[in-house]
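Working through the structure, step by step
Below, each chain spelled out in residue letters.
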Amino acid sequence: NAGVTQTPKFQVLKTGQSMTLQCAQDMNHNSMYWYRQDPGMGLRLIYYSASEGTTDKGEVPNGYNVSRLNKREFSLRLESAAPSQTSVYFCASAGGQGFSPLHFGNGTRLTVT
Amino acid sequence: SQQGEEDPQALSIQEGENATMNCSYKTSINNLQWYRQNSGRGLVHLILIRSNEREKHSGRLRVTLDTSKKSSSLLITASRAADTASYFCATATGTASKLTFGTGTRLQVTL
């Protein structure tokens, strides 16, 4: 039982390059989330998907796009990477109704030079 | 802006001692959750306390919630070296199914 799987684990980009972070969960969860974690800032929500077919902006959506490909997969795309997007990105999922606990992947460490 | 703020930012104790960390938040909540993060890993859910609950226990963990003061505390009793990690509180507010995290407390438990 893998839980939440994120790929890649590490990535280095040059300013202006694009990339997609992949996330998949095998727990049949309805909700999926993308957070970024920066030193001293805690986790900040980028985008979330409360159910298949819906996506909504979180606290820091600028510079990102998301796709809820199906119930299992939720991807995060950086169209034109900037040094300010250097961070650790976490995908999470939650099942049940309302405010269920989140299950996290192990993160993608992204550096933009 | 962060909904939750943990205090202290860092805590160093010896094995066997108790560790207490606090979380303050700004707006009314549906529930408050605590998570642990080991270095280089994702967060792991520890415990959830609803807004109408005042105290909850899970193994060596005790969580309290004071909605009048908009604060919560996490107590880890008889700490172990394996408890070394960062601990985050997260609040669930409004109608959307999303959590807002605090900045975390780094706990170091030494032998």
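See the structure above.
What comes next concerns the included structure. Per chain, residue numbering runs from 1 following the sequence as it is written. For naming, the first written chain is A and the first written ligand is 1, with later ones following in the order written. Only residues with pLDDT of at least 70 are given local features in this predicted model, and only at 80 or more are side-chain atom pairs given and counted; all residues enter the totals for whole chains, interfaces and linings. Side-chain metrics in this entry use all non-hydrogen atoms of the structure; hydrogen atoms and water are not considered.

**Some details on the overall build of chain B**
Definition in use: For helices the rule is a DSSP run of H or I covering at least 4 residues; for strands it is a run of E covering at least 2, with both sets numbered from the N terminus onward. In this setup the radius of gyration rests on C-alpha atoms only. A globule is expected at 2.2 Å times the number of residues raised to 0.38. Buried residues are those whose accessible area, probed at 1.4 Å on protein chains only, stays under 20% of the maximum for their type, while exposed residues exceed 50% and partly exposed ones sit between those limits.
For chain B, the count of helices and strands is 0 helices and 11 strands. Secondary structure elements in chain B, listed N-terminal to C-terminal, are β-β-β-β-β-β-β-β-β-β-β. A compact globule built from 111 residues should have a C-alpha radius of gyration of about 13 Å, and chain B, at 13 Å, falls within 12% of that. Here the C-alpha coordinates of chain B stretch approximately 45 × 30 × 20 Å along the principal axes. Taken over 111 residues, chain B has a buried fraction of 44%.

**Notes on the sheet that holds strand β8 (residues 74-78) of chain A**
Residue and element names in this part refer to chain A. Going by this rule: Between any two strands, pairing holds if DSSP finds at least two bridges. Under this scheme, a helix contributes an axis fitted over its contacting stretch, all axes are lines through C-alpha atoms, and angles between N-to-C directions fall in the 0 to 180 degree range.
Strand order in the open sheet made by the 4 strands is β1-β3-β8-β7, with antiparallel pairing throughout. On the outer flanks of this sheet lie β1 (4-7) and β7 (64-68), each paired with one strand and no other. Sheet twist, expressed as the mean angle between neighbouring strand axes with direction ignored, is 15 degrees.

**Description of the side chain of Glu6(B)**
Residue and element names in this part refer to chain B. This is how it is decided: Neither His nor the chain termini are counted; the positive set is Lys and Arg, and the negative set is Asp and Glu. What makes a salt bridge here is a side-chain nitrogen of Lys or Arg within 4 Å of a carboxyl oxygen of Asp or Glu, nothing more. Throughout this description, a polar contact denotes any pair of N or O atoms lying within 3.5 Å of each other; where both atoms belong to protein, one of them has to be capable of donating a hydrogen while the other can accept it, and for residues adjacent in sequence the pair is counted only when both atoms sit in side chains. We call two residues in contact whenever any of their non-hydrogen atoms come within 4.5 Å of each other.
Examined against the element boundaries, Glu6 turns out to sit in strand β1 (residues 4-7). Buried and without a salt bridge, Glu6 has Arg106 as its closest oppositely charged side chain, separated by 11 Å. Within polar-contact distance, the side chain of Glu6 engages the backbone nitrogen of Thr103 at 2.8 Å. Looking at Glu6, its side chain comes within polar contact range of the main-chain nitrogen of Gly104, at 2.8 Å. Sequence-distant contacts of Glu6, that is, excluding residues within four places in its chain, are made with Asn22, Cys23, Trp34, Tyr87, Phe88, Cys89, Gly102, Thr103, Gly104 and Thr105.

**Things to note about the interface of chain B and chain A**
The test is simple: Buried area is a sum: the accessible area each of two parts loses on coming together, probed at 1.4 Å, counted once for each and added. Any residue outside Ala, Val, Leu, Ile, Met, Phe, Trp, Tyr, Cys, Pro, Asp, Glu, Lys and Arg is labelled polar, Gly included; the first ten of those are nonpolar and the last four are charged.
Taken together, the contact between chain B and chain A spans 25 residues of the former and 23 residues of the latter. Across the chain B/chain A interface, buried area totals approximately 1,800 Å², and carbon plus sulfur atoms make up 54% of it. Where chain B packs against chain A, one counts 0 salt bridges. Along the contact surface separating chain B from chain A lie 4 residue pairs in polar contact (both at pLDDT 80 or more). For the side of chain B that touches chain A, the elements supplying multiple residues, two or more each, are β4 (31-37), β5 (43-50), β9 (85-92) and β10 (99-101) of chain B. With 4 residues, the single largest contributor to the side of chain B that touches chain A is β4(B). A per-class count over the side of chain B that touches chain A returns 8 nonpolar, 15 polar and 2 charged.

**Some points on the nonpolar core**
Counted only if it meets this: Definition of nonpolar core: a set of buried residues of the types Ala, Val, Leu, Ile, Met, Phe, Trp, Tyr and Cys, connected through side-chain atoms within 4.5 Å.
Ranked by internal contacts, the top residues of the largest apolar core, which has 21 residues, are Met21(B), Leu32(B), Trp34(B), Leu74(B), Ile76(B), Tyr87(B) and Leu107(B). Those residues within four positions of Leu74(B) in sequence are excluded, and the remaining contacts are Ala19(B), Thr20(B), Met21(B), Trp34(B), Leu46(B), Leu61(B), Arg62(B), Val63(B) and Tyr87(B). Membership of the second largest hydrophobic core comes to 20 residues, among which are Met19(A), Cys23(A), Met32(A) and Leu110(A).

**Description of the state of the cysteines**
One covalent bond between the sulfur atoms of two cysteine residues makes up a disulfide. Residue and element names in this part refer to chain B. Let me state the cut-off plainly: When two cysteine sulfur atoms are found within 2.5 Å, that pair is recorded as a disulfide.
Counted under the stated rule, the structure contains 2 disulfides over all chains. Through a disulfide, Cys23 is tied to Cys89; the S-S separation comes to 2.0 Å. Across the S-S bond of Cys23 and Cys89 the torsion is about 65 degrees, and the bridge reads as right-handed. You can see Cys23 sitting in strand β3 (residues 19-25) and its partner Cys89 sitting in strand β9, a full 66 residues away along the chain.

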